[in-house]
Amino acid sequence: MDKLYNIPGFLKYLNLGTPKSDFVHAVQFDSEDRILLQSKPVAIDFYILAIKTNKDIPQSEGMSSSYVYLDGPNKTLEWNFSSSFSGYALFISDKLLAKHAKEYNFMNYNNHEALFVTDEEKAILLDLFEKAHQEYLKTNFSKEVIVSYTALILSYTYEFYKRQFESRSKLYNKVVADFYSQLDTYFNDGSKMLILPSVTYFAQKANLTANYFGDLIKYFTGSSPQEHIHQYIIQIAKSKLRQSNLTISEIAYSLGFEYPTYFTRFFRKETGITPTVFRNQ
């Protein structure tokens, strides 16, 4: 297991000195020339919110060279920066931020799913990060004020991620189409024994985390991946109940259910009636 760092231990590891509090810390990267640029996997027990600007990042039309990344408790971090960078970071304990952070799936995205911001979005976020940093520099700073700024950052980040989904619609529409195709393949590949597929299974096919994949699919289709999977299973089940002589148990096993009773409960939950009642209608 990777070493688990708290805020003071992680700041020491990064060569960022000693925090004024064990529960919250703010840093401006521009003034830190000793920060650790490469690291093997390590784990943290707190939240990190950061905005970074790196001139090495290629800019696309309408986009700045800045991105936001977020990490949370028990996540594993690994990085390899070729040079120093500008921006800010907030380090906040689970105790202080969990109530706000747990409202957002993007807190469980991976770094390769970071939010790349426009110039306008960059200005909004930098203003909030800077205000949080200025509050931290006060002799008697307020943890509550810093958490409030952080909550605002999370709220804006949520809106900006929706914009990122839309701006990448051509790419992400392919992810949706591939998901539908993979559903077909999964349930129609007679070469393997079926088990009920998870959202994680399809997310890995798209090289995305389950949370990012789930938000993407729901954004473009209006339904979650889990809802799509359930709807697909119900469609196949109804077809087999109507058009085959298979028993309820045989249909259940053919769809990946470990026990027929699980299938009956699932079918009733999704349709309001049992498979037997549906077949006899």
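Refer to the preceding data block for the structure.
Residues numbered from 1 in each chain as written. Predicted model: local features only at pLDDT ≥ 70, side-chain atom pairs only at ≥ 80, totals over all residues. Heavy atoms only, no water.

1. Some points on the packing of aromatic side chains
This model, assessed by the stated rule, comprises 40 aromatic pairs. Seen from their ring centres, tyrosine 172 and phenylalanine 220 are 6.4 Å apart, and the 65° between their planes marks the pair as edge-to-face. A residue pair is termed long-range when its members are at least 10 positions apart, and tyrosine 172 in helix α5 (residues 169-188) and phenylalanine 220 in helix α7 (residues 210-221) qualify at 48 residues. We classify phenylalanine 220 as partly exposed; its relative accessible area is 22%. Ring-pair connections join several aromatic residues into one group, and the members of that group are Tyr104, Phe106, Tyr109, Tyr158, Tyr161, Phe165, Tyr172, Tyr212, Tyr219 and Phe220. When the ring centre of tyrosine 136 is taken as reference, the NZ or CZ atom of lysine 20 above it lies at 4.9 Å. (Phe/Tyr/Trp six-rings, centres within 6.5 Å; stacked < 30°, edge-to-face > 60°. Helix = DSSP H or I, 4+ residues; strand = E, 2+ residues; numbered from the N terminus. Buried < 20%, exposed > 50% of the residue type's maximum accessible area, 1.4 Å probe, protein only. Lys NZ or Arg CZ within 6 Å of the ring centre and 35° of its normal.)

2. Section: the packing of α5 against α7
Running from amino to carboxyl end, α5 crosses α7 at an angle of 100°, the nearest separation of the two axes being 10 Å. With respect to α7, the element α5 is oriented roughly perpendicular. Where α5 approaches α7, its residues Ser169, Tyr172, Asn173, Val175, Val176, Phe179 and Tyr180 are matched on the opposing element by Tyr212, Phe213, Leu216, Ile217, Phe220 and Thr221. Counted by class, the contact of α5 with α7 contains 10 nonpolar, 3 polar and no charged residues. (Axes fitted to C-alpha atoms, helices over the stretch in contact; angles between N-to-C directions. Parallel < 35°, antiparallel > 145°, perpendicular 65-115°, else oblique. Contact = heavy atoms within 4.5 Å. Nonpolar A, V, L, I, M, F, W, Y, C, P; charged D, E, K, R; others polar.)

3. Quick word on the side chain of glutamine 164
As for its placement among the helices and strands, glutamine 164 is situated in helix α4 (residues 143-167). Setting aside its immediate chain neighbours within four residues, glutamine 164 contacts Ala114, Leu115, Phe116, Tyr172 and Tyr212.

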